[in-house]
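What the coordinates show
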Amino acid sequence: MNYSLRQLRVFVAVAHAGSFSRAGESIGLSQSAVSHSLKELEAELGVKLLDRTTREVVLSPAGEQLAPRLERLLEELTTTLLDARVVGHQLSGTVRVAASQTLSAHLMPQSIAASAEAYPNIRFVLHDASQQWVLQSIRQGEVDFGVVIDPVQANDLECETVLSEPFLLLCRSDHPFAKAAWVEWQALQGQNLVLQDYASGSRPLIDEAFTRQGIAVNVVQQIGHPTTLYPMVEAGIGLSVLPALALPLPEGRPLVVKRLTPVVNRQLMLVRRKNRSLSRAAEAIWQEVREQARLLSETRKGDPLFSD
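This report concerns the structure included in the present document. (Residues numbered from 1 in each chain as written. Predicted model: local features only at pLDDT ≥ 70, side-chain atom pairs only at ≥ 80, totals over all residues. Heavy atoms only, no water.)

**Some points on the packing of aromatic side chains**
- Inspection of the entire model under this criterion finds 2 aromatic pairs.
- Arranged with centres 5.2 Å apart and planes meeting at 65°, the rings of Phe145 and Trp286 form a pair that is edge-to-face. Taken as a pair, Phe145 in strand E5 (residues 145-149) and Trp286 in helix H10 (residues 280-300) lie far apart in primary sequence, 141 residues in all. Just as Phe145 is buried, Trp286 falls in that class too. (Phe/Tyr/Trp six-rings, centres within 6.5 Å; stacked < 30°, edge-to-face > 60°. Helix = DSSP H or I, 4+ residues; strand = E, 2+ residues; numbered from the N terminus. Buried < 20%, exposed > 50% of the residue type's maximum accessible area, 1.4 Å probe, protein only.)

Below is the structure:
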């Protein structure tokens, strides 16, 4: 049988209204269109569904049997289709985000937790790697987007700054700098330094700051993971310069951080491929990471380490 969903809906409307014209008004069809649709349905079924008179339209015995059953089926079909539409519009799926180790340890946990609460059907997968790998994975489409440290020299990427934060001095609590309100970059001349290596996006910015200040640095150790800075400095191997996002310091260790002057900031950026749309789920996670960065910035207001 070759009948349409529209014909079935027209029949149910006429059965309710008892009139072609009233049925047509309820479903947005003309009286003639309603009549024509029903004639086609009756012809396809090979049975008379309606008895027509000059005054009214009444259901035939076959129509009386069909109408209530068909109405239930159409209601169930409508509900099923609406449910499918809701599922189709839900924010779900897997979103892959790449970030450097410092960002992964100190910004991404809050972002993952907040995303899980707001979007329980989205699986947030974090890739923890060096900045160069992060940029490469974005370009190759291995992740939806990344979180990196500016500057990023790339015309093929779309970048959005979400957080600006200063570099700080890390020293032992018994070091003379520990008693100062702040420390000038110039005071690091001749000091032994333990810094992250060039896999970190921060290292070029730190080198640039030394160069601008005319400081000849004495880097005695270069390490890959930021948490290694703490035991190195604690052991007296040297001082360190670290981003504010590396805070808080590990509890129970004789370490302090001091503001460096003049202030040198680094910019944290969300990065994705240019002219490539994110999925709805990835866009939601992008916005969530941005919001967590904003909240972090708000919590720092009033802290002397971050005051201008």
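**A word on the environment of Glu160**
- The residue Glu160 is located in strand E6 (residues 157-172) in this model.
- For Glu160 and Val147, which are 13 residues apart along the polypeptide, the C-alpha to C-alpha distance reads 9.6 Å.
- Those residues in contact with Glu160 that lie beyond four places of it in its chain are Leu268, Met269, Leu270, Trp286 and Arg290. (Contact = heavy atoms within 4.5 Å.)

**Re the pattern of salt bridges**
- Applying the stated rule across the entire model yields 13 salt bridges.
- Between Glu234 and Arg253 there is a salt bridge whose closest N-O contact spans 3.2 Å. Placement of the pair is Glu234 in helix H9 (residues 229-234) and Arg253 in the loop between strand E10 (240-243) and strand E11 (255-261), with a sequence separation of 19 residues.
- Judged by relative accessible area, which is 27%, Glu234 ranks as partly exposed.
- Among the salt bridges present, the one from Glu291 reaches Arg294, with a minimum N-O distance of 2.7 Å. Here Glu291 and its partner Arg294 are both found in helix H10, 3 residues apart, which amounts to about one turn of the helix.
- One salt-bridge network, held together by shared partners, links Glu158, Arg272 and Glu283. (Salt bridge = Lys/Arg side-chain N within 4 Å of Asp/Glu carboxyl O.)

**Considerations on a nonpolar patch on the surface**
- There is a patch of nonpolar side chains on the surface, built from Leu5, Leu77 and Leu81 and spanning about 240 Å² of accessible area.
- Inspection of the secondary structure assignment puts Leu5 in helix H1 (residues 5-17). (Patch = residues over 30% accessible without salt bridge, like charges linked within 9 Å, V, L, I, M, F, W, Y side chains within 5 Å. Areas by Shrake-Rupley, 256 points an atom, 1.4 Å probe, with all protein chains shown as cover.)

**A short note on empty space enclosed by the protein**
- For the coordinates displayed, the defined rule picks out 1 cavity of 30 Å³ or more.
- Of the voids in this model, the largest cavity is the one considered here, and its volume is about 30 Å³.
- Along its surface, the largest cavity is lined by Thr102, Ala105, His106, His225, Pro226, Thr227, Tyr230 and Ala246.
- Considering each element in turn, the lining of the largest cavity owes the most residues, 3 residues, to helix H5 (residues 101-106).
- Residues that form the lining of the largest cavity fall into these classes: 4 nonpolar, 4 polar and no charged. (1 Å grid on protein atoms, 1.4 Å probe; cavity = no way out; pocket = protein on both sides within 12 Å on 5 of 7 lines; lining within 4 Å. Points joined across faces, edges and corners; volume = space filled by probe spheres on them. Nonpolar A, V, L, I, M, F, W, Y, C, P; charged D, E, K, R; others polar.)

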